[in-house]
Amino acid sequence: MAAQKAAEWVTSIISRFDEQLPVNCPQQDTGLKKSTEQLRQCIVKASKHKFQLVVSNLTHVLQKTALVKPLSPEQERNRHHSQLLVLDTLEKCLSGEPKDTSRLDEKMLVRLLLPEICHFLGHNHETPVLPELKAAASRCLFALSLNNVNAIFNRISARLQSVSPIQDESSDISDIELIQHINVNWCLLQRLLTESVQKLKQLKKTELWLLLQSLERAIWNCLEHYPHEFASLQLNPNRELEDSCQKLFDLIVTSFENSKRKSAMWPLQAMLLALNPDLLHDITPDKKLFIETVRKSLSPSNSNKQLQEHAIVACVQLCKAFTYMSWEDNSDLNNIVLSVLTDLKTLLFNPQRQASRGSTISDVELMIEGCVACFRITPQNNQHFRVLLNTGIPVSFHVVLVHSLYTIITKSTLDWWPRVDQLYQFSTQLRALLKDTLLKVNQGTTLHAPLRINPSLALLERVTSLRLRDRCTEELTSYRYLLVTIVKLIHLDPMLFLYNSGKAGHEIQSSTLNLIKGLVTLLFSSIPDAASEAMRALLVLHQPANIVLWNPEAPIPTFWDIHSTIIFIIGGKLATHQVPASTELLSWLRELLIYKNDYLLKLKENVNRGSQISSCRDAATQLEAVLFTYLWSSDLEAVQISMSCFGLLCDEADIRCSAEDLHLSQIIPNYQVYRDIAKACPRANHVDHPALLKDILKLLRKIETPTPGNIRAWEDTYQHWEQQMRTVSQLKMKMEDTGTQESPHRVGMDAVQEWSNMSGFLCALSAVLLPRGHTRHSSGSSSCVIDTRKSSIVSMGQSVSTPNLPVETLSSANPEQFLATLLKLLCVGEKIRDLVRENLGNELNPALYRTLFEQIKITLDKIFDITGVITVSDGYTQSVEQAIYIIKCVLGNVSEESLEHLSALSIEPLMLALAKYVRHLDGIQIKIDLCHLVTLMMKRRDDLSFQNAIRFRNKLVEYLSDWILGNSNQAIYDENIHSLTRELDLAAMEAVVSLLDQLPLQLEEGDGGNLGEAKSQLFQKYFTLFMNLLSDCGEVDSPDSDGSKQRGSLQALRNCTVQAMSNLLSANIESGIMHSLGLGYHMDLQTRATFIEVLTKILHQGTEFDNLGETVLADRFERLVELVTMMGDKGELPIAMALANVVSTAHMDELARVLVSLFDANHLLYQLLWNMFSKEVEAADTMQTLFRGNSLASKIMTFCFKYYGSNYLHTILEPLIQKLLEIKLENISYEVDPSKAYSNETVEKNRDNLIGITVLFFNKIISSSQNFPPQLRCVCHCLYQVVAQRFPMNSVGAVGSAIFLRFINPAIVSPYEMGLIDHQPSMKIKRGLMLMSKLF
């Protein structure tokens, strides 16, 4: 069963692989390519356990792909690409074939797969095969022969044995050509040569020619794959092999009478001589004649060009074979090679010779082999490299150069082969070649015909994956191919381009910068493989050992300069969001940052040297901005990469701060948020993108400090947002035309979603665009919103790379305009409207609440004309509906950030405008929504600021009670409408209950007549309304009432009505007691029961009838309180400030107590603090004189700490001090003054004791930040913002001094007087507490 399941799984994996091939799925995006690659890896691993099944299925996929009939060039390219993928996968599987494959499986494998491979080798095929497909099939056949060579060779041997002189002309001899592609070891080669000698005379000329060509290739396959065995043959010759070589050499001489055919066999004969060293030691006349003939034909003066060409090939093969043996092992061959080497170089690397013959594939391959062989034979003589580096020569010579270097670097199998370091001297010329090639590619210059390169070139192991024929791509030119290959050399051996012996440091730095700039331009190239190879090269150049070579005289400053240039260029391109394969580039950028941190970590010291230059700051800004903008990308992988990059930025800051005495905020002002973003990056493969985006936006709302990077990110995103909005508008038009809510194009919906992501990003990060007075800063404590009328400078932290800059110089974008545009979009289609209101309601930074409410108010003001008359329209109604939803979301946000900003909102005009408009509508649902909003507002009233709460709440009660009155007495016969009106009754009553809580009734200003009588009539109006509503709810107890849901609704309505009557009567006893007492004697029993219930609730609320006089008295002083707390248009407090100027010092404490109590009760404490602190700061000459006198500001601060902080001090300090009073700790000494210490005490031990309790107290205080009273947070935040206006460098210190010197230290020094303990501590403890307070 397990085996069956495994087989099914393997089959399903290969089926998915088949489905994702380009021939079946033409749209190959990044995700699909990665999935296909993962499937390939999975198939290769599975082949180790289910080899036969995997190969069989892949063969069927190959057959299926070959049957596809392409109808266009694009389909043909997709088919070829699919075949390449399958062949490559087959090769990997065959290379790892298990050794225990049975002979039966071996035969089956060869019988099944071999015909398909031969198909791509060009056998029995009328149309030509693409070179890369043929090369892939050749590699696949070689891999097949690794473990199945006997089956394949038997097929070849059988074909040889079946050959006869009388066979038909049409007989199939293609199996003989398989010799060129299989894995041939020395034993197999000996067998092959022996059988070939036996059958050679029986072959026709065509068959003979094919066999000899195949034998030459087989010899080279054996030599290249088993070089060490060949070297051993030189010391211990194989007599059978030598005998076969000698016989074959002689047969070749006698088999061809034509000199042209005979000379064409010279390369094979040269290889046979190399295989048999004894033939050269005891040379026979025919061998000697052959060598002399080849040598003479090689002469530059030879007029027979055909013989000269064959001689060149033969000598190249001889030289190449000679490199596989040690000179000492074969001195005879050494003499022959050295005798032809000079003429060979002259002919092989002669531009005029090639120009006269044209650029051919064989020439290029031959030149590469010859170049590598000449270097390995005479590494000290590199004149041919100088020829290949000349400018003005055909591009094929440069191709020969770079491929030769590639071969020298990658194929250093034998110990005696020289290494490429002997060619470092050409580093300058190679950089010049790269620069020239890059220039020609960029200009589109083609000075010579494109070079067609055969995959059988010296780069057989897939040096490049380019499609190398114009048939596959017309854009591929020789220079582009050359450029990509040069870049390969850089990451193979960067010293080839970084070697600068004898040059000055600034010259080395300049050449390195030009080299790296050239590579950076390739990152955005459309040339196949250019970008990926440039990425690899740049990463290699960023290895620590290579960075030193950028400028050995000043490596660290040079690194900062060049690396910053790279980041700035790449960031600028990525910021456009129009770079192809931007996700891959972003992933590479992450790798580059990892390399950077590795280098900085190795430096340890002097890591910041040179990092203060402007290019570093610009690069840091660009990088930060780019990472931010990819957080809203629709590509999930790009989002995850960006998140992880924020962690790398933090790692860099850690490294740089550990090297010097720097604070993290000096390098990254928002360090903790960036670290949290990196931690939030999911590791799982399947990630919910919308949920991840919400987590990101939540973190963005925590960003406290504006920086050039996050400001630029907001501005760049805003530009993209505006551009994308056109797509959104077009999508809306298409929806309207089709009459549907779904776009006919998925691309359009993706654009809308990305636009929504940008909207959420702009909402969350918008606080960085506000002046400093609007938003929070890293002061170490929570804060409240500051009035926008105050001007400020954006703090960037004293960063090494980020200077202090005014907001105006950093930002040209306008959050107000952004919010205004979003509000306008609330009237667009349903899909867009839902996205906008979700972002405004749930993702907006709380620092923008004030701006949002102002923009909503501007929109609502358009509803009223100059006379106050309301204009009702569908558009206005829709705007009001969305405004209610957004405000409800804002008030429903109970996060700590929102608490800090809600107190600054002026919600009264907004709510009254909404209520006035909704009163004129017939719709019930919108009224229900507004009632729910009012209820929520009253739940949050302690967090809100009301300028005239009593008048405001009375007005809302008036509006909402009208809705109850209008629906309670109507006879409604439609059940749905009746249910909706009951829902409105309940919602309205819930809102009224919350409004009437401790609310004294108040008449409109200007109402004449008797004030008491008017209030009594208003009370009677509401009380009668509630009684009528109770009467309507009487059916809750009726047996005819059907439906538990309806009964539950009526019960809830009755409970709310009773609570409303209780609240009304409790707060207005003097006006309502006479109207309500009669209900206690009402004839109706239920009415009397209701009144008793109301009275019971009033008593539970604590209202005393004896205090009626006091209530009346309080009503008389109500206007006086309003006068004292009156606020001007700009937030000033004229009466309170006037009192501060006239009250004597003796009465300052009492005035501070009264003002704090009054303003806090009216939710205006923050405004009082702002005005008082501002006056104190303006009057101070220096920072040292702040709050030092007996000013009212000092008294207010002291009272706030005492009044609001008492419980906090008891909670935090009392347990610590009580612990010190324990018997075993009471006698511990903390004295550090030697003159005051007792003789039996040591100052060192006392110092440790003092440090111990100081650390204990300090850690407890710091860890209690969450318990710090909100009123005191408000005090500290206000103090920070006010001081920062005049003394920006001392704002944090001012807050610290206030907390410790005025609040915590007095309690520590005098715990008994502060009520923390019930008896005086011992002198030792008092001394310890006093010394500890000095350390804070």
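Residues numbered from 1 in each chain as written. Predicted model: local features only at pLDDT ≥ 70, side-chain atom pairs only at ≥ 80, totals over all residues. Heavy atoms only, no water.

The helix and strand inventory of the protein chain stands at 59 helices and 0 strands. Counting the 1336 residues in the protein chain, one finds 54% classified as buried. Long-range pairs, those at least 24 residues apart, make up 76% of the contacts in the protein chain between residues at least 6 apart in sequence. Entry remark: accessible area of the protein chain is about 59,600 Å², with carbon and sulfur atoms responsible for 52%. (Helix = DSSP H or I, 4+ residues; strand = E, 2+ residues; numbered from the N terminus. Buried < 20%, exposed > 50% of the residue type's maximum accessible area, 1.4 Å probe, protein only. Contact = heavy atoms within 4.5 Å. Areas by Shrake-Rupley, 256 points an atom, 1.4 Å probe, with all protein chains shown as cover.)

By size, the foremost hydrophobic cluster in this structure holds 342 residues, and its most contacted members are Trp 588 and Met 937. With residues near it in sequence (within four places) discarded, Trp 588 still touches Leu 523, Met 535, Leu 538, Leu 539, Ile 566 and Ile 570. By size, the runner-up hydrophobic cluster in this structure holds 71 residues, among which are Ala 1136, Leu 1165, Ile 1212 and Ala 1298. (Core = buried A, V, L, I, M, F, W, Y, C linked by side-chain atoms within 4.5 Å.)

A few words on the pattern of salt bridges. Overall, the coordinates contain 32 salt bridges when judged by the stated rule. When the shortest N-O distance is used, the salt bridge between Lys 320 and Glu 369 registers 3.4 Å. Placement of the pair is Lys 320 in helix α15 (residues 305–322) and Glu 369 in helix α18 (residues 361–377), with a sequence separation of 49 residues. Take Lys 320 and Glu 369: they sit in the same class, and that class is buried. For Asp 962, the salt bridge identified is with Arg 919, shortest N-O distance 3.1 Å. Linking Asp 962 in helix α44 (residues 949–968) with Arg 919 in helix α42 (residues 908–919), this pair joins segments that are 43 residues apart in sequence. Accessibility expressed as a relative area gives 36% for Arg 919, which makes it partly exposed. (Salt bridge = Lys/Arg side-chain N within 4 Å of Asp/Glu carboxyl O.)

Let us look at the side chain of Ser 196. Relative to the helices and strands, Ser 196 is located in helix α7 (residues 186–199). A polar contact is formed between the side chain of Ser 196 and the backbone oxygen of Leu 192, at a distance of 2.7 Å. (Polar contact = N/O pair within 3.5 Å; in protein donor to acceptor, adjacent residues only side chain to side chain.)

This paragraph deals with unusual backbone geometry. Here His 577, not a glycine, exhibits a phi torsion of approximately 55°, which is positive. A positive phi angle, near 60°, is found at His 1163, a position not held by glycine. Mapped onto the elements, His 1163 comes out in the loop between α52 (1148–1161) and α53 (1165–1179).

End to end, helix α39 (residues 849–861) covers 18 Å across 13 residues, agreeing with the expected 18 Å (1.5 Å per residue, within 8%). Where the residues of α39 are buried, they touch α37 (815–824), α38 (830–843), α40 (874–892), α41 (896–902) and α42. (Expected span 1.5 Å × (residues − 1).)

As a further point, take empty space enclosed by the protein. Under the criterion given, the structure shown has 6 cavities of 30 Å³ or more. Put simply, the second largest cavity is a space of about 110 Å³. Listed by contribution, the elements that provide at least two residues to the lining of the second largest cavity are α12 (266–275), α14 (285–297), α15 and α16 (331–348). When residues in the lining of the second largest cavity are grouped by element, the largest group, 4 residues, is from α14. (1 Å grid on protein atoms, 1.4 Å probe; cavity = no way out; pocket = protein on both sides within 12 Å on 5 of 7 lines; lining within 4 Å. Points joined across faces, edges and corners; volume = space filled by probe spheres on them.)

In this section: the packing of α40 against α42. The interhelical angle for the contact between α40 and α42, taken along N-to-C directions, is 140°, at an axis separation of 11 Å. Judged by the inter-axis angle, α40 sits oblique to α42. For the pair α40 and α42, the sense of crossing is left-handed. Each of Tyr 876, Thr 877, Val 880, Ala 883, Ile 884 and Ile 887 in α40 lies in contact with α42, whose residues at this interface are Leu 910, Leu 914, Tyr 917 and Val 918. Of the residues contributing to the contact of α40 with α42, the split by class is 9 nonpolar, 1 polar and no charged. (Axes fitted to C-alpha atoms, helices over the stretch in contact; angles between N-to-C directions. Parallel < 35°, antiparallel > 145°, perpendicular 65-115°, else oblique. Left-handed = near helix turned anticlockwise from the far one by under 90°. Nonpolar A, V, L, I, M, F, W, Y, C, P; charged D, E, K, R; others polar.)

Before going further, it helps to examine the environment of Ile 283. Looking at where Ile 283 falls in the secondary structure, it is placed in the loop between α13 (277–281) and α14. The class of Ile 283 is partly exposed, set by a relative accessible area of 33%. In the structure, Ile 283 is positioned 49 residues away from Asp 332 in sequence and 9.8 Å away in space, judged by C-alpha atoms. Apart from residues no more than four positions distant in its own chain, Ile 283 is found in contact with Lys 288 and Ile 291.

Note that Arg 675 resides in helix α32 (residues 671–679). Between the C-alpha atom of Arg 675 and that of Cys 650, which follows or precedes it by 25 residues, the distance is 6.3 Å.

Okay, the confidence of the model for the protein chain next. The share of residues in the protein chain with pLDDT of 70 or more is 82%, and the mean pLDDT across the chain is 79. For the protein chain, per-element mean pLDDT is lowest for helix α36 (residues 807–810), which scores 36, and highest for helix α29 (residues 614–629), which scores 94. Here residues 966–973 is modelled with pLDDT under 50, and outside its nearest four sequence neighbours on either side it reaches 10 contacts, counting other chains as well. Across residues 1036–1042, confidence stays below pLDDT 50; counting only partners more than four residues off in sequence or on other chains, it has 6 contacts. (pLDDT = per-residue confidence, 0-100.)

Let's shift gears to the packing of aromatic side chains. Here the structure, examined in full by the defined rule, presents 28 aromatic pairs. Consider the rings of Trp 714 and Tyr 718, whose centres lie 5.3 Å apart with planes at 10°: the pair is stacked. Residue Trp 714 and its partner Tyr 718 are both found in helix α34 (residues 708–738); the two are separated by 4 residues, about one turn of the helix. When sorted by exposure, Trp 714 lands in the same class as Tyr 718, which is buried. Look at Phe 1201 and Phe 1303: their rings are 5.0 Å apart centre to centre, the planes differ by 15°, and that puts the pair in the stacked class. Linking Phe 1201 in helix α54 (residues 1192–1220) with Phe 1303 in helix α58 (residues 1291–1309), this pair joins segments that are 102 residues apart in sequence. One Lys or Arg, Lys 573, reaches over the ring of Phe 524 and ends 5.6 Å from the middle of that ring. (Phe/Tyr/Trp six-rings, centres within 6.5 Å; stacked < 30°, edge-to-face > 60°. Lys NZ or Arg CZ within 6 Å of the ring centre and 35° of its normal.)

For the coordinates displayed, the defined rule picks out 0 disulfides. Of the cysteine sulfurs around Cys 187, a residue in no disulfide, the closest is that of Cys 222, at 9.0 Å. According to the relative accessible area criterion, Cys 187 is exposed, its value standing at 62%. Of all cysteine sulfurs, the one in Cys 319 lies closest to Cys 315, which takes part in no disulfide; the gap is 6.3 Å. By relative accessible area, which is 2% here, Cys 315 ends up buried. (Disulfide = S-S within 2.5 Å.)

All right, on to α15 then. For α15, with 18 residues, the first-to-last C-alpha span of 25 Å sits near the 26 Å given by 1.5 Å per residue. Along α15, 14 of the 18 residues are buried, which leaves the element largely enclosed by surrounding structure. By the N-cap criterion, in which a side-chain oxygen at the helix start approaches the backbone nitrogen of a residue two or three places on, α15 is capped by Asn 304, the distance to Gln 306 being 3.2 Å.

So, about the packing of α12 against α15. The contact between α12 and α15 brings their axes to 8 Å, and the two run at 25°. Overall, the two elements α12 and α15 adopt an arrangement that is roughly parallel. In this structure, α12 meets α15 at a crossing whose hand is right-handed. Every residue of α15 that contacts α12 at Trp 266, Pro 267, Ala 270, Met 271 and Ala 274 is listed here: Leu 307, His 310, Ala 311, Val 313, Ala 314, Gln 317, Leu 318 and Ala 321.

With that settled, consider the environment of Asp 286. Within the secondary structure layout, Asp 286 lies in helix α14. Considering only alpha carbons, one finds Asp 286 and Asp 250, 36 residues apart in sequence, at a separation of 8.6 Å. In contact with Asp 286, not counting residues within four places along its chain, are Phe 249 and Asp 250.

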